[in-house]
Amino acid sequence: MAATVATARRAAEPGVRRVRVAEHHGYRSVGSVAPPVLPARLAASTPRIRVGSGGVLPTNHAPRAVAEHFTTLAALHPGRVDLGIGRGPGTDDLDTVRALRRGGGRATDDEYRAGLVEPLALLGDTDGRRVPPGADALPEPWLPASSVAGAELAAGLGLPLAFAHHIRPGDTLEALGRYRERFRTSRWYGGPACW
């Protein structure tokens with residue numbers, strides 16, 4: 001954890017603008033098991049850099065909890081919080097998947113889509129009933145994807161996209177092309193944005 005904080009501090013010096021922490025479980029060498037916790041520490045340790053999840057995994061968390069955790073973080077660090085909502089379970093170990101999902105197996109496509117759309121709807125309710133009271137700042141949502149289908153989902157929801165070229169390099173050009181072609185303007189973004 002200390003090394004991660006030190007790395008974020010060093011990265012901020014030459015002008016790195018974002019640090020995102022992925023959600024992984026059951027790996028001895030990975031400490032990012034609690035998506036809102038480590039970004040909170042990084043935000044408190046750096047003066048300007050944007051922080052957030054490099055994929056909180058909605059099938060492992062209640063949608064309201066995701067929205068409230070990241071809205072609270074954004075209220076504490078306005079204009080500096082990203083909410084990436086990822087697809088996978090965060091582990092290859094089925095026992096860990098079952099423990100995270102209270103006995104359930106791997107998520108279906110429909111469960112993933114609901115887990116993505118529900119926190120966004122809660123964030124989008126700006127009348128104050130669904131987000132923590134007094135929270136004027138919201139996290140900026142985005143979608144990490146490693147498939148053409150994921151890129152199309154980001155486009156349909158009007159979200160920025162970070163494509164995992166390192167996972168599927170052969171799909172990158174097609175995915176980015178489809179994303180740009182099918183992007184729909186949303187309350188979050190007026191046009192396609194890719195990282």
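As the structure is a prediction and not an experimental result, all values here were calculated from the model. (Residues numbered from 1 in each chain as written. Predicted model: local features only at pLDDT ≥ 70, side-chain atom pairs only at ≥ 80, totals over all residues. Heavy atoms only, no water.)

(A) The packing of aromatic side chains, seen in detail. Overall, the coordinates contain one aromatic pair when judged by the stated rule. Note on Tyr-179 and Phe-183: the rings are 5.6 Å apart at their centroids and 75 degrees apart in plane angle, and the pair reads as edge-to-face. Overall, the relative accessible area of 0% leaves Tyr-179 in the buried class. On the basis of relative accessible area, Phe-183 is assigned to the buried category, the value being 14%. In this structure, Arg-187 packs its charged tip against the face of Trp-188, placed 4.4 Å from the ring centre. (Phe/Tyr/Trp six-rings, centres within 6.5 Å; stacked < 30°, edge-to-face > 60°. Buried < 20%, exposed > 50% of the residue type's maximum accessible area, 1.4 Å probe, protein only. Lys NZ or Arg CZ within 6 Å of the ring centre and 35° of its normal.)

(B) Region of interest: the side chain of Arg-50. Along the polypeptide, Arg-50 turns up in strand β2 (residues 50–56). Here Arg-50 is in contact with Arg-17, Arg-18, Val-19, Gly-79, Arg-80, Val-81, Asp-82 and Glu-140, once residues within four sequence places are set aside. (Helix = DSSP H or I, 4+ residues; strand = E, 2+ residues; numbered from the N terminus. Contact = heavy atoms within 4.5 Å.)

(C) Representation of the pairing of strand β3 (residues 81–85) in the model. Across the five residues of β3, five count as buried, placing the element largely inside the fold. Here β3 shows a buried face lined by Val-81, Leu-83 and Ile-85 and a second buried face lined by Asp-82 and Gly-84. Where β2 and β3 come together, four bridges link them in parallel fashion. Along β3, the bridge assignment pairs Val-51 with Val-81. (Pairing = 2+ DSSP bridges.)

(D) Region of the structure containing the side chain of Thr-46. For Thr-46, the location among the structural elements is in the loop between α2 (37–45) and β2. Accessibility expressed as a relative area gives 5% for Thr-46, which makes it buried. Reaching out from Thr-46, the side chain makes a polar contact with the backbone oxygen of Leu-42 at a distance of 2.8 Å. (Polar contact = N/O pair within 3.5 Å; in protein donor to acceptor, adjacent residues only side chain to side chain.)

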